[in-house]
Amino acid sequence: MEYNLDTKTVFATGLKDTSGVLKGRPVLKEGSQTYTMESVFYNFESRKARITNMITQESEGFMHGTNIKKMADNSINISKGKYTTCDLDHPHFYLRMTKARVVTQPHKVTVFGPAYLVVEDVPLPFALPFGFVPEKPERAGGLLIPSVQEEAARGFGLKGLGYYFVLGEYFDVSVTGDIYSLGSWNAMLTARYRKRYKFNGDFGINYSNNQTGERGSTDFFQSKDFSVRWSHSQDPKSMPGASFRASVNFSTPLNNRFNSEDIQQSLQNQVSSSISFSKTISDSPFSYSVNLLHSQSSLDSSYALTVPNFTFTMNRIYPFKRIERVGKEKFYESFSISYNTTFDNKVNFKAKDFGKPDFLSKFRSGMRHNFAIGLPTFTLLRYLNFSPGISYGMTWFFQTNERQYNSVTNQVESSISNMFSHFGVTQDFSASVSLSTRLFGKFDFGNKGALNMIRHMMTPSISFSYRPELGTPANGYRTLSYVDVNGIQQSLDYNRYDGLLYSPPSRGKNAGLNFSLGNNLEAKVRDKSD
């Protein structure tokens, strides 16, 4: 390497070893670009260079140049150049360019003159008069080329014709369409979004007109279908203590049959959706979640919606426990309570029922409360463990299912009231108590044989549970008295909350007594080495 102080020019070249192989090739790094060459003259003032036999990587390929001039704006003029994807110094194949220029501002573009293909140093009769190669952008909009398809039902078609749009750094949209020779068509919009460390997802909607057979013939069929798809996930770090997720797949019954992306999707009869938000309140035992749920079957065009499902939970707390305990724990400090409540508003319907005047009457709603109460445990007579327990539940109903006698049909008929037309409460209660202890016994065999000792532990336990009579008018039980068409007095016991979202408490007292005995035998065996 030589440096001229007057002209501020450096000259560098590699040296050949005893076998004639060039070693120590100069390497020029400027920004993110790296240039490997045989020799170079570089001026530090003008930032221009004259290079011999340079190799540089361009995207996924390699650019070779015999005589090169590098300008101050980083543009490069190349004479007798090669472009190849082979990473060898002497590539097996390449595009031979008589002249080329690489421009870096405002955008990187490579322009070359006459060029021809060379394989194993043999020129082939494949030539280009000129070429223009722009730099491939990271994201760019453009035309989406369709694929040609043929179906027995819908005829010839073009599928996927459309345009792709890039809308900012985090969002892109594609609008596509399908068209068939027998009159069917489908329009689709698909969007994707992503923000690193925040969220990502995609959204799609389509509307189609599907026709099979010739119009006017007996086998002609037409349906208008649509679908909505949405998938969303959130980075847990973006909102600590909270989570939002969505997986929506809603469509008309025949949409997947005509507009599926693969065979598995077209054969899928059951689909479901969920949108959920959950949050845990910091420094507290409380948490809640809100969910929207959907499921459908294409076999019978049935749908099930839950709008919404709300759950609120209080984890177990000890309300009487001292913050700073001094001495032994008091018996009442072990008293605990936890709470959970759920509100549901559900509807089951067929596709043909949607939008009818009585559609809202199909909704079923209710709210259920559950309390888990932990009572203090005691030790009686030093060895008996006494554990009581209480369970309490409450259910709110916002509708009724009443019974009336119809003298025309001589039958008892039921009628469900409208949504939120009533407020009723049912209550459930049960209590239990258990008593357990441990008994130990042992037998010592001495040191005469291999068996030294046997220990026997028995764990007897007895428990009693009780549930009072809950078949009361307060829990919705009624008696319908009527005279049938034969003049006979009849009566029917029923519950006005039967057949709704939740089941009311059943009739009758319940009491149970359970006894169990656990046995455990342990043996101590002498080691043969003793």
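So, a few notes on the structure that sits alongside this text. Keep in mind that what you see is a predicted model, and the values were worked out from it rather than measured.

Time to look at the pattern of salt bridges. Going through the model one piece at a time under the given rule, you end up with 10 salt bridges. The closest approach of N and O atoms between R467 and D428, which form a salt bridge, is 3.4 Å. Linking R467 in strand β35 (residues 451-467) with D428 in strand β33 (residues 424-436), this pair joins segments that are 39 residues apart in sequence. The shortest N-O distance in the salt bridge between E522 and R455 comes to 3.0 Å. In this pair, E522 is assigned in strand β38 (residues 510-525) and R455 in strand β35, connecting sequence segments 67 residues apart.

Summarising the sheet, strand β18 (residues 155-166) and strand β19 (residues 171-180) pair through 9 bridges and their orientation is antiparallel. When the bridges of β19 are listed, L161 appears paired with G177. Hairpin connection between β18 and β19: a loop of 4 residues separates the two successive antiparallel strands, and G168 in this loop has a positive phi of roughly 85°. By the bridge criterion, 9 bridges tie β19 to strand β20 (residues 185-195) in an arrangement that is antiparallel. Paired with G177 across the strands is A187, a residue of β20. Here β19 hands over to β20 after 4 residues, with G183 in that stretch at a positive phi of 105°.

Now for the packing of aromatic side chains. Aromatic rings considered in pairs are described by the distance between their centres and by the relative angle of their planes. Tallied over the entire structure, the rule returns 27 aromatic pairs. Pairing F250 with Y303 gives two aromatic rings, centres 5.6 Å apart and planes at 40°, and the pair type is tilted. In this pair, F250 sits in strand β23 (residues 242-251) while Y303 sits in strand β26 (residues 302-317), placing the two residues 53 residues apart along the sequence. With a relative accessible area of 27%, F250 lands in the partly exposed category.

Conventions adopted
Residues numbered from 1 in each chain as written. Predicted model: local features only at pLDDT ≥ 70, side-chain atom pairs only at ≥ 80, totals over all residues. Heavy atoms only, no water. Salt bridge = Lys/Arg side-chain N within 4 Å of Asp/Glu carboxyl O. Helix = DSSP H or I, 4+ residues; strand = E, 2+ residues; numbered from the N terminus. Pairing = 2+ DSSP bridges. Phe/Tyr/Trp six-rings, centres within 6.5 Å; stacked < 30°, edge-to-face > 60°. Buried < 20%, exposed > 50% of the residue type's maximum accessible area, 1.4 Å probe, protein only.

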